[in-house]
Amino acid sequence: MRLATFNLLHGRSLSDGTVHADRVAAAVSDLDADVLGLQEVDKAQPRSGLLDLTAIAADALGAQVHRFAAAVVGTPGEKWQPWRSDDDNQHPLYGIALVSRYPVTRWQITALPGAPMRSPIYDPDNGLRLLKDEPRVLLAAVLETPQGPMTVATTHLSFVPGWNLRQLRHAVRALRALPAPRVLLGDLNMPSRPVRAVTGWRTLARAATFPSPMPRAQLDHILADPRGLDNLGRVVQVATTRPGVSDHLPLVVQLDRR
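A.B. asks: Just to check I follow, could you spell out the pattern of salt bridges for this structure?
C.D. replies: For side chains of opposite charge, pairing can occur when their charged atoms come near one another. Counted under the stated rule, the structure contains eight salt bridges. Its salt-bridge partner being arginine 136, residue aspartate 133 comes within 3.1 Å of it at the nearest N-O pair. Via salt bridges that share partners, Asp32, Asp34 and Arg101 belong to a single interconnected network.

Given below as structure tokens:
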């Protein structure tokens, strides 16, 4: 089984700042993942050509199952509001997604509220800005695999130090209600040490993923709950790729579950 996490940066290329469906498809296809967690995913956004990036990723992997979970309605960094209900789905959306080649028997979405304060963020185009933190979500799926049920989830946590740790604790608690083995894929916006300290979960992959032109930090993680770890299998490969999109590198883990 190949698991991967990829912060898409809404499919934007750093070389020319544009979004093209074929670039996104090529970047995802190269991962050859059986289960893929995606972050910074656009749906019907003008800035990304009104594309459904989740559907493009699923097609690229030949995956029959995919789900997008919106965190906000509108465009991050511009005008937005928290996603409230399916009534918001007629508008531009932004969030996370899971794509799976395995059937899914259950989905679970958990809200992770954003930080209540504005925080300074460096924008390459506009310099230092005080930004309101967006709400976040955890999207989990119970997969039906040849070795039995397995829970895989994805999330994109806050950039606000401390608040992202609070969100991570909330996410881990929510996943305990779902079947083991349990794996969390995502951009956690923090390095491995606090992630391990807060969760007690096992890091399955160690590799720098950010920024993509010259990675120096690991913000993207693939974690496993130690409860049920014996049924997960062993890690036989850890890899990153060099996609034509995003400021993050994808992170891939190959598991041998025989």
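A.B. asks: Any chance you could explain the pairing of strand β15 (residues 251–256) here in plain terms?
C.D. replies: Both faces of the sheet carry side chains from a regular strand, because those side chains alternate between them. Taken across its six residues, β15 has five buried, putting it largely inside the fold. With four bridges joining them, strand β1 (residues 2–7) and β15 adopt antiparallel strand pairing. When the bridges of β15 are listed, arginine 2 appears paired with glutamine 254. Sheet analysis places strand β14 (residues 234–240) next to β15, joined by six bridges and oriented antiparallel. Bridging from a neighbouring strand, threonine 240 pairs with leucine 251 of β15.

A.B. asks: I keep staring at the sheet that holds strand β12 (residues 202–203) and nothing clicks. Help me out?
C.D. replies: What holds strands together in a sheet is hydrogen bonding between their backbones, with the strands either parallel or antiparallel. Taking strand neighbours across the sheet as the criterion, the six strands line up as β6-β9-β10-β11-β13-β12 in an open arrangement whose pairing is mixed. At either margin of the open sheet sits one strand with a lone partner, and together these are β6 (104–112) and β12. For β12 and strand β13 (residues 220–224), the ladder comprises two bridges, and the chain directions are antiparallel. Considered in β13, the bridge of threonine 203 is made with leucine 223. Each of β6, β9 (136–145), β10 (148–156) and β11 (182–187) touches helix α3 (residues 163–175); the most contacted strand, β6, lies at about 150 degrees to it.

Parameters at a glance
Residues numbered from 1 in each chain as written. Predicted model: local features only at pLDDT ≥ 70, side-chain atom pairs only at ≥ 80, totals over all residues. Heavy atoms only, no water. Salt bridge = Lys/Arg side-chain N within 4 Å of Asp/Glu carboxyl O. Buried < 20%, exposed > 50% of the residue type's maximum accessible area, 1.4 Å probe, protein only. Helix = DSSP H or I, 4+ residues; strand = E, 2+ residues; numbered from the N terminus. Pairing = 2+ DSSP bridges. Contact = heavy atoms within 4.5 Å. Axes fitted to C-alpha atoms, helices over the stretch in contact; angles between N-to-C directions.

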